[in-house]
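Overview (structure and organization)
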Amino acid sequence: MMLLITIGITFAMGLSFFLLYTRMKKWCTNKFRWRITGIFLIVGLIGLIGSFIFDMKTEKGLRILFSSMIVPFIYNSVDRFFKQMSEKYQKRDFLLYLRFSPDIDKLSEIGASNPHIKRLDAFFSITLLIFIVLIMFIPMIVFI
């Protein structure tokens, strides 16, 4: 059970962070993002529905694994919402203001002066980071 929980958490956080840090890459288009997260959403929903239909009470780890597959879709939805909000208020996509992000200067540290970074960029970036971490607890709270 613990192995399934670990795999589920690692997968969901890994894919969400991957999508977060590659959001401005040319190959990471909206179509690509929605297809990848949509495939895992379908697999996760089918797995969850199947686990309830076949009444797998002993495998809570399996339910956490399947529900973790839904997390990247939820993250992607929030990320695309923030992108729309940023385009509405800043007339551009928000820049990822996190350490090791390709959007900020390579030599600058968090808190350093970046004139092209606005407060809304920092707000969206930190909110997405916190959202990824907090949304991981939902499957564990529901199924344990």
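Computed from a predicted model, the values in this text were never measured in an experiment. (Residues numbered from 1 in each chain as written. Predicted model: local features only at pLDDT ≥ 70, side-chain atom pairs only at ≥ 80, totals over all residues. Heavy atoms only, no water.)

Details of helix H2 (residues 30-53)
Which entries qualify depends on this criterion: Secondary structure elements follow DSSP: runs of H or I no shorter than four residues count as helices, runs of E no shorter than two count as strands, and numbering proceeds from the N terminus. Expected helix span is taken as 1.5 Å per residue step, with the number of steps being one fewer than the number of residues. For the exposure calls, accessible area comes from a 1.4 Å probe over protein chains only, and a residue counts as buried if that area is under 20% of its type's maximum, exposed if over 50%, partly exposed in between.
Its 24 residues place the ends of H2 34 Å apart at the C-alpha level, agreeing with the 34 Å of an ideal helix rising 1.5 Å per residue. By the burial criterion, the buried members of H2 are Arg-33, Thr-37, Gly-38, Leu-41, Gly-44, Gly-47, Leu-48, Gly-50 and Ser-51. Asp-55 lies just past H2 and shows a positive phi near 55°.

Some points on the side chain of Gln-90
Which entries qualify depends on this criterion: Contacts are assigned to residue pairs that have any heavy atoms within 4.5 Å of one another.
If you trace the backbone, Gln-90 turns up in helix H4 (residues 71-90). Classification of Gln-90 as buried rests on a relative accessible area of 15%. Filtering out sequence-adjacent residues up to four positions away, Gln-90 remains in contact with Lys-118, Leu-120 and Asp-121.

Considering the packing of aromatic side chains
Threshold: Aromatic rings from Phe, Tyr and Trp, with only the six-membered ring used for Trp, were paired whenever their centres fell within 6.5 Å, and each pair was classed as stacked if the ring planes differed by under 30 degrees, edge-to-face if by over 60, and tilted otherwise.
Applying the stated criterion to the full structure yields eight aromatic pairs. Arranged with centres 5.5 Å apart and planes meeting at 65°, the rings of Trp-34 and Phe-73 form a pair that is edge-to-face. Here the residue Trp-34 occupies a position in helix H2, and Phe-73 occupies one in helix H4, the gap between them amounting to 39 residues. By relative accessible area, which is 32% here, Trp-34 ends up partly exposed. Both rings, one in Phe-82 and one in Phe-124, keep their centres 4.6 Å apart while their planes meet at 20°; by these two values the pair is stacked. Here the residue Phe-82 occupies a position in helix H4, and Phe-124 occupies one in helix H5 (residues 119-135), the gap between them amounting to 42 residues.

Focus: the packing of helix H1 (residues 2-21) against H2
Threshold: For helices, the fitted line uses only the C-alpha atoms of the stretch in contact; every axis is such a line through C-alpha atoms, and the angle between N-to-C directions lies from 0 to 180 degrees. By definition in this entry, angles of less than 35 degrees are roughly parallel, angles greater than 145 are roughly antiparallel, angles of 65 to 115 are roughly perpendicular, and the rest are oblique. Nonpolar residues are Ala, Val, Leu, Ile, Met, Phe, Trp, Tyr, Cys and Pro. Charged residues are Asp, Glu, Lys and Arg, and all others, Gly as well, are polar.
Where H1 contacts H2, the axes come no closer than 12 Å and their chain directions differ by 170°. Taken together, the axes of H1 and H2 are roughly antiparallel relative to one another. Where H1 abuts H2, its residues Phe-11, Leu-15 and Leu-19 lie against Arg-33, Ile-36, Thr-37 and Phe-40. The class makeup of the residues in the contact of H1 with H2 is five nonpolar, one polar and one charged.

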